[in-house]
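Tertiary structure, described
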Amino acid sequence: MSILRASIKKIENVENLNLVTFDFNGIDLKMVSLGLGKDVQVGKKVMLAIKPSSVAIAKEFSGEVSYTNKIHSTIIEVNNGKLLSSIKLQANGNNFESLITFEVSYRMKLEVGDKVLALLKASELSISEIVS
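Residues numbered from 1 in each chain as written. Predicted model: local features only at pLDDT ≥ 70, side-chain atom pairs only at ≥ 80, totals over all residues. Heavy atoms only, no water.

Within the protein chain, the secondary structure is distributed over one helix and 10 strands. Along the protein chain, from the amino end to the carboxyl end, the secondary structure elements read β-β-β-β-β-β-β-β-α-β-β. Viewed in the frame of its principal axes, the protein chain has a C-alpha envelope of about 45 × 25 × 25 Å. Counting only residues that meet the buried cut, the protein chain has 38% of its 132 residues in that class. In the protein chain, once contacts between residues fewer than 6 apart in sequence are set aside, the share between residues at least 24 apart is 63%. Taking the average location of the 16 positive side-chain charges in the protein chain and that of its 14 negative ones, the two points are 1 Å from each other. (Helix = DSSP H or I, 4+ residues; strand = E, 2+ residues; numbered from the N terminus. Buried < 20%, exposed > 50% of the residue type's maximum accessible area, 1.4 Å probe, protein only. Contact = heavy atoms within 4.5 Å. Lys, Arg positive; Asp, Glu negative; His and termini not counted. Charge placed at Lys NZ, Arg CZ, Asp CG, Glu CD.)

Put into structure tokens, the structure is as follows:
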């Protein structure tokens, strides 16, 4: 599990559906949630959890895509296994991971230092802890 520190910027809701916007060092990240605890309030600092298998990677990407969260990142480590590749990313001084198939990593020729776009659906982001 990758963890990112952010602050709650905005909360929108309709009935039981919530769209929470976070400020992750100047990058807006959004999370969809069916329920929010009373402690989830604008201005609070939180730790966001991301499953590495939920992080897609785009290289030399241009165009539109339906992913809500787009994080410009740099590859800092590539660990290729027989079936899977662990791609360590860095954005704004924070490290997180993407877990993709080896076939895709090989086809994309992912290397340390590459500038990529990490993509994450709003439904795949969650609050792991409220810090303040």
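Looking now at the pairing of strand β4 (residues 45–50). In terms of burial, β4 is largely enclosed, as five of its six residues are buried. Bridge count between strand β1 (residues 2–14) and β4: six bridges; the pairing is antiparallel. Note that in β4 the partner of Ala 6 across the bridge is Val 46. In this structure, β4 lies alongside strand β10 (residues 125–130), joined through five bridges in antiparallel fashion. Across the sheet, Ala 49 pairs through a bridge with Ser 126, a residue of β10. (Pairing = 2+ DSSP bridges.)

Our focus in this paragraph is the pattern of salt bridges. Scanning the model with the defined rule gives three salt bridges in all. For Lys 10, the salt bridge goes to Glu 12, with nearest N and O atoms at 3.8 Å. Judged by its relative accessible area of 42%, Lys 10 falls in the partly exposed class. (Salt bridge = Lys/Arg side-chain N within 4 Å of Asp/Glu carboxyl O.)

Taken in spatial order, the five strands of this open sheet run β5-β9-β6-β7-β8, and their pairing is antiparallel. The open sheet has two edge strands, β5 (56–59) and β8 (94–101), and neither has a second partner. Across this sheet, the average inter-strand angle for adjacent strands is 45°, counted without regard to direction. Note: β5 against strand β9 (residues 115–120), four bridges, orientation antiparallel. Bridging across to β9, Ile 57 finds its partner in Ala 118. (Axes fitted to C-alpha atoms, helices over the stretch in contact; angles between N-to-C directions.)

Take the environment of Met 47 next. Relative to the helices and strands, Met 47 resides in strand β4. Along the primary structure Met 47 and Gln 90 are separated by 43 residues, whereas in three dimensions their C-alpha atoms are 16 Å apart. If we skip the residues at most four places from it in the chain, Met 47 touches Ile 3, Leu 4, Arg 5, Ser 126, Ile 127, Ser 128, Glu 129 and Val 131.

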